[in-house]
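A closer look at the structure
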Amino acid sequence: MLLRCQFVLCLIATAALSAAPPQTLTDHLGRRVTLPERPQRIVSLAPSLTETLYALGAGDRLVGVTNYCDYPADAQTKPKVGDMLNPNLERITAMHPDLVLITKEGNRRDTLTALEHLNIPTFAVETERLDDISRMFRDVGRAVGEAAAGANLAAALD
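Okay, so let's go over this structure. (Residues numbered from 1 in each chain as written. Predicted model: local features only at pLDDT ≥ 70, side-chain atom pairs only at ≥ 80, totals over all residues. Heavy atoms only, no water.)

1. Quick word on the sheet that holds strand E4 (residues 62-64)
Note the following rule: Pairs of strands are assigned from DSSP output, requiring at least two bridges between the strands. Only DSSP runs of H or I with at least four residues qualify as helices, and only runs of E with at least two residues qualify as strands; both kinds are numbered from the N terminus onward. Axis lines are fitted through C-alpha atoms, for helices just across the contact stretch, and the angle between N-to-C directions can take any value from 0 to 180 degrees.
Pairing in this open sheet of four strands is parallel, and the strands run E4-E3-E5-E6 from one edge to the other. The open sheet terminates on both sides in strands that have one partner only, identified here as E4 and strand E6 (122-125). Between one strand and the next, the sheet's axes are offset by a mean angle of 35 degrees, whatever the strand orientation. Judged from the two bridges that link them, strand E3 (residues 42-44) and E4 form a sheet pairing that is parallel. Bridge pairing in E4 links isoleucine 42 to leucine 62.

Take a look at the structure:
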């Protein structure tokens, strides 16, 4: 009986987590992007974003990274999706991500367009200037449900 109650409670908790309301954020390209409140399956298309996700405490939710994402060491164990300029869209789609993170500087606009066409939520960031890095920490933190960690990283940099 106790096991059955624990199983039912687990099902209720899972349903509650999956029913979390989505959030709509504006990315660094000015696009409105609707994401889960706390994405569970994240693909990073830049080493800097992979490192940021680990710093935010969201590295365990990474399901795919580029061939060049090698820090921290755990990033090397994540499934690879190709390089920044030509990621394998079929592989990304097969990972069923609820968020893909890209950079304006390192990823092609064609990649963003293709991901949008596939209805994969994609959040773009820009880090051309030093000020952009603090903004990126805050915004990626919000996008992955780690707003406080993002604010802390930004404050440490500032």
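There's plenty left to go through after this.
2. Digging into helix H4 (residues 109-117)
Rule in force here: For every residue, the accessible area obtained with a 1.4 Å probe (protein chains only) is divided by the maximum for its type, and the residue is called buried under 20%, exposed over 50%, and partly exposed between those limits. Comment: arc refers to directions from the helix axis out to C-beta atoms. In what follows, a contact means two residues having at least one pair of non-hydrogen atoms within 4.5 Å.
For H4, the full list of buried residues reads Thr111, Leu112, Ala114 and Leu115. Down the axis of H4, the sector holding all buried residues measures 165 degrees, keeping them to one side. Turned more than 90 degrees off the buried face of H4, the exposed positions are Arg109, Asp110 and His117. Check the buried side of H4 and you find it contacts helix H3 (89-94), strand E5 (99-103) and E6. Looking one or two places after H4, you find asparagine 119, whose phi comes out positive at around 60 degrees.

3. Focus on the side chain of glutamate 126
Keep this limit in mind: Residues adjacent in sequence count toward polar contacts only when both atoms are side-chain atoms; beyond that, a polar contact is any pair of N or O atoms within 3.5 Å, and within protein one must be able to donate a hydrogen and the other to accept it.
Along the chain, glutamate 126 falls in the loop between E6 and helix H5 (130-143). A relative accessible area of 15% places glutamate 126 in the buried class. A polar side-chain atom of glutamate 126 sits 3.3 Å from a polar atom in the side chain of lysine 104. If we ignore the near neighbours within four places in the chain, the residues touching glutamate 126 are His28, Lys104, Glu105 and Asp132.

4. Structural notes on the packing of H5 against helix H6 (residues 147-157)
Basically, it comes down to this: Roughly parallel means an angle under 35 degrees; roughly antiparallel means over 145; roughly perpendicular covers 65 to 115; every other angle is labelled oblique. Three categories are distinguished: nonpolar for Ala, Val, Leu, Ile, Met, Phe, Trp, Tyr, Cys and Pro, charged for Asp, Glu, Lys and Arg, and polar for the others, with Gly belonging to the last.
The N-to-C vectors of H5 and H6 enclose an angle of 170 degrees; their axes lie 7 Å apart at closest approach. The orientation of H5 with respect to H6, classified from their angle, is roughly antiparallel. Only Ala147, Gly150, Ala151, Leu153, Ala154 and Leu157 of H6 make contact with H5, whose side of the interface consists of Ile133, Ser134, Phe137, Arg138, Gly141 and Arg142. Taken together, the residues of the contact of H5 with H6 sort by class into seven nonpolar, three polar and two charged.

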